[in-house]
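# Structural overview
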Amino acid sequence: MNSREYKKILVSPIDKLQCHGYQKLLPNQSSVSLINTSTLRSGLYRDANVSGLEYIKREKKNNYQFAIIPKLSAIFNPGPKFV
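Quick summary incoming for the structure in this document. (Residues numbered from 1 in each chain as written. Predicted model: local features only at pLDDT ≥ 70, side-chain atom pairs only at ≥ 80, totals over all residues. Heavy atoms only, no water.)

## Some thoughts on the pairing of strand β5 (residues 71-76)
Condition: When accessible area is computed with a 1.4 Å probe and restricted to protein chains, residues below 20% of their type maximum are described as buried, those above 50% as exposed, and intermediate ones as partly exposed. Starting at the N terminus, helices and strands are each numbered in turn, a helix being any DSSP run of H or I of at least four residues and a strand any DSSP run of E of at least two. In this analysis, strands are considered paired if DSSP registers two or more bridges between them.
Where burial is concerned, little of β5 is hidden: zero out of the six residues are buried. With six bridges joining them, strand β3 (residues 47-58) and β5 adopt antiparallel strand pairing. Each residue of the ladder has a partner; that of V50, found in β5, is S73.

Here it is as C-alpha coordinates:
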(Lines give C-alpha, C1' and ligand atoms only; values in the text may rest on other atoms or scores of the structure.)
Protein backbone atom coordinates (compact mmCIF):
# COMPACT_ATOMS: atom_id res chain seq x y z
CA MET A 1 0.00 0.00 0.00
CA ASN A 2 1.52 3.30 -1.03
CA SER A 3 0.96 6.65 0.66
CA ARG A 4 -2.06 7.57 -1.50
CA GLU A 5 -4.20 4.51 -0.75
CA TYR A 6 -6.73 4.68 2.06
CA LYS A 7 -8.82 2.06 3.80
CA LYS A 8 -11.93 2.64 5.85
CA ILE A 9 -12.29 0.24 8.76
CA LEU A 10 -15.19 0.36 11.23
CA VAL A 11 -13.59 -0.52 14.54
CA SER A 12 -16.25 0.26 17.10
CA PRO A 13 -19.83 1.07 16.09
CA ILE A 14 -20.84 2.25 19.57
CA ASP A 15 -23.51 4.94 19.51
CA LYS A 16 -24.52 5.08 23.15
CA LEU A 17 -22.87 3.67 26.27
CA GLN A 18 -24.51 4.21 29.64
CA CYS A 19 -23.36 3.19 33.10
CA HIS A 20 -25.36 3.91 36.25
CA GLY A 21 -24.60 3.02 39.84
CA TYR A 22 -26.62 3.71 42.98
CA GLN A 23 -25.70 2.84 46.55
CA LYS A 24 -27.58 3.26 49.82
CA LEU A 25 -25.65 2.90 53.05
CA LEU A 26 -27.48 1.16 55.89
CA PRO A 27 -26.70 0.89 59.62
CA ASN A 28 -23.72 -1.28 60.73
CA GLN A 29 -21.80 -0.67 57.47
CA SER A 30 -24.41 -2.58 55.47
CA SER A 31 -25.38 -1.44 51.97
CA VAL A 32 -27.64 -1.95 48.96
CA SER A 33 -26.33 -1.20 45.44
CA LEU A 34 -27.80 -1.23 41.95
CA ILE A 35 -25.60 -1.19 38.85
CA ASN A 36 -26.77 -1.01 35.23
CA THR A 37 -24.74 -0.75 32.02
CA SER A 38 -26.14 -0.69 28.51
CA THR A 39 -24.61 -0.45 25.05
CA LEU A 40 -26.81 0.62 22.15
CA ARG A 41 -25.48 0.49 18.59
CA SER A 42 -27.04 1.65 15.34
CA GLY A 43 -27.52 -0.56 12.33
CA LEU A 44 -27.12 -4.32 12.40
CA TYR A 45 -24.88 -4.50 15.46
CA ARG A 46 -25.67 -6.24 18.75
CA ASP A 47 -26.99 -4.33 21.77
CA ALA A 48 -26.30 -5.41 25.33
CA ASN A 49 -27.52 -4.76 28.86
CA VAL A 50 -26.00 -5.84 32.19
CA SER A 51 -27.67 -5.29 35.57
CA GLY A 52 -26.60 -6.20 39.07
CA LEU A 53 -27.98 -5.85 42.57
CA GLU A 54 -25.83 -6.15 45.68
CA TYR A 55 -27.08 -6.47 49.24
CA ILE A 56 -24.55 -6.74 52.06
CA LYS A 57 -25.72 -7.13 55.66
CA ARG A 58 -23.26 -6.93 58.53
CA GLU A 59 -23.92 -7.52 62.21
CA LYS A 60 -23.13 -4.88 64.85
CA LYS A 61 -19.67 -6.22 65.79
CA ASN A 62 -18.67 -6.78 62.13
CA ASN A 63 -17.73 -10.40 62.83
CA TYR A 64 -20.10 -11.76 60.17
CA GLN A 65 -21.57 -10.55 56.93
CA PHE A 66 -24.18 -11.88 54.54
CA ALA A 67 -24.12 -10.95 50.84
CA ILE A 68 -26.57 -11.46 47.99
CA ILE A 69 -25.27 -10.45 44.54
CA PRO A 70 -27.59 -11.43 41.64
CA LYS A 71 -26.56 -10.41 38.11
CA LEU A 72 -28.31 -10.47 34.74
CA SER A 73 -26.91 -9.90 31.27
CA ALA A 74 -28.68 -9.89 27.92
CA ILE A 75 -27.49 -9.55 24.32
CA PHE A 76 -29.97 -8.42 21.69
CA ASN A 77 -29.18 -9.60 18.16
CA PRO A 78 -30.64 -7.61 15.28
CA GLY A 79 -32.02 -9.34 12.26
CA PRO A 80 -35.23 -10.74 10.84
CA LYS A 81 -37.96 -11.63 13.29
CA PHE A 82 -39.77 -14.91 12.73
CA VAL A 83 -43.48 -15.07 13.48
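## Concerning the environment of A67
Going by this rule: Contacts are assigned to residue pairs that have any heavy atoms within 4.5 Å of one another.
One can find A67 in strand β4 (residues 65-68). On the accessibility criterion, A67 (40% relative accessible area) is partly exposed. In sequence terms A67 and E54 are 13 residues apart; their C-alpha atoms lie 7.3 Å from each other. Among all residues touching A67, those that are not within four sequence positions of it are Y55 and I56.

## Things to note about the side chain of D47
Test applied: In this charge count, Lys and Arg are treated as positive and Asp and Glu as negative; neither His nor the chain ends contribute. Any Lys or Arg side-chain nitrogen found within 4 Å of a carboxyl oxygen on Asp or Glu counts as a salt bridge. Identification of polar contacts relies on pairs of N or O atoms within 3.5 Å, with a donor-acceptor requirement for protein atoms, meaning one able to donate a hydrogen and the other able to accept it, and with residues adjacent in sequence counted only if both atoms are side-chain atoms.
On the secondary structure map, D47 appears in strand β3. For the buried D47, no salt bridge is present, and the opposite-charge side chain at shortest range is R41, 6.0 Å distant. Here the side chain of D47 touches R41 through a polar contact of 2.8 Å, landing on its backbone nitrogen.

## Thoughts on the environment of N28
With respect to the helices, strands and loops of the structure, N28 is situated in the loop between β1 (14-26) and β2 (30-41). With residues up to four places along the chain from it excluded, the contact list for N28 reads R58, E59, K60 and N62.

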